Amino acid sequence: AGGQIDPFWAMYAQHNVQSVKELLAEFRIGRLSDEEYFSLPPPFDPYGSEPQRDPSLVVQAAKPFNAETPLSVLAEQQYHTPNEVFFVRNHLPVPTIDLASYVLEVHPGNGKP
C-alpha cells in the first residue's frame, strides 16, 4: 500500500490489460500528477534477463514468454521437435541461475531414490 503498482505490472504483465485496470479503478485512492509520475525512477524489469529464443517461434505473449512451435517445423518432424523450437509456457520470469553450481534434484515421491 502506498507505493507504485508498476512493479506489479512488470512481474505480472499478463494482467496489465484494460479489463483489470477497470476493476481496480474503484480502489484508487489518489493520482500522481504527470510531473510526479515522470520523476519516479523506472521500475525494475524482472524480464530483463530472459534467455534468447529461436526467432521462428510463434510468440503469443512476450511477458511472460509464451510461444508455439511453428507448424512448418512440426510438419517436417517425425515425432521429434528440436529443443530450440519446443513450445514455451512461462508464468513468471525465467530464474537466473549459476550453471556451475546449480543442482536439480528430482524425487519421484514413491519412496524410491
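These remarks concern the structure in this document. Quantities reported herein were computed from a predicted structural model and do not represent experimental measurements.

Right, let's talk about unusual backbone geometry for a bit. Note: most peptide bonds trans; most residues except glycine with negative phi. With an omega dihedral of -10°, the bond running from Lys 63 to Pro 64 counts as a cis peptide bond. Its location among the elements puts Pro 64 in the loop between strand S1 (58–61) and strand S2 (66–68).

Attention now moves to the packing of aromatic side chains. For any pair of aromatic rings, the description consists of the separation of the ring centres together with the inter-plane angle of the planes. Enumeration according to the criterion identifies four aromatic pairs in this entry. Each ring, one from Phe 8 and one from Trp 9, has its centre 5.1 Å from the other, and the planes form 65°; the classification is edge-to-face. Taken together, the ring pairs connect Phe 8, Trp 9 and Tyr 12 into an aromatic cluster. Geometry around Trp 9 places Lys 21 over its ring, the cationic atom sitting 5.9 Å from the centre.

Okay, the side chain of Glu 50 next. Mapped onto the elements, Glu 50 comes out in the loop between helix H3 (34–38) and S1. A polar side-chain atom of Glu 50 sits 3.3 Å from a polar atom in the side chain of Arg 53. If near-sequence neighbours (up to four positions away) are discounted, Glu 50 is found in contact with Phe 65, Asn 90, Pro 93 and Val 94.

Rules used in this analysis
Residues numbered from 1 in each chain as written. Predicted model: local features only at pLDDT ≥ 70, side-chain atom pairs only at ≥ 80, totals over all residues. Heavy atoms only, no water. Helix = DSSP H or I, 4+ residues; strand = E, 2+ residues; numbered from the N terminus. Phe/Tyr/Trp six-rings, centres within 6.5 Å; stacked < 30°, edge-to-face > 60°. Lys NZ or Arg CZ within 6 Å of the ring centre and 35° of its normal. Polar contact = N/O pair within 3.5 Å; in protein donor to acceptor, adjacent residues only side chain to side chain. Contact = heavy atoms within 4.5 Å.

These results come straight from atomic positions and should not be treated as a statement about function.
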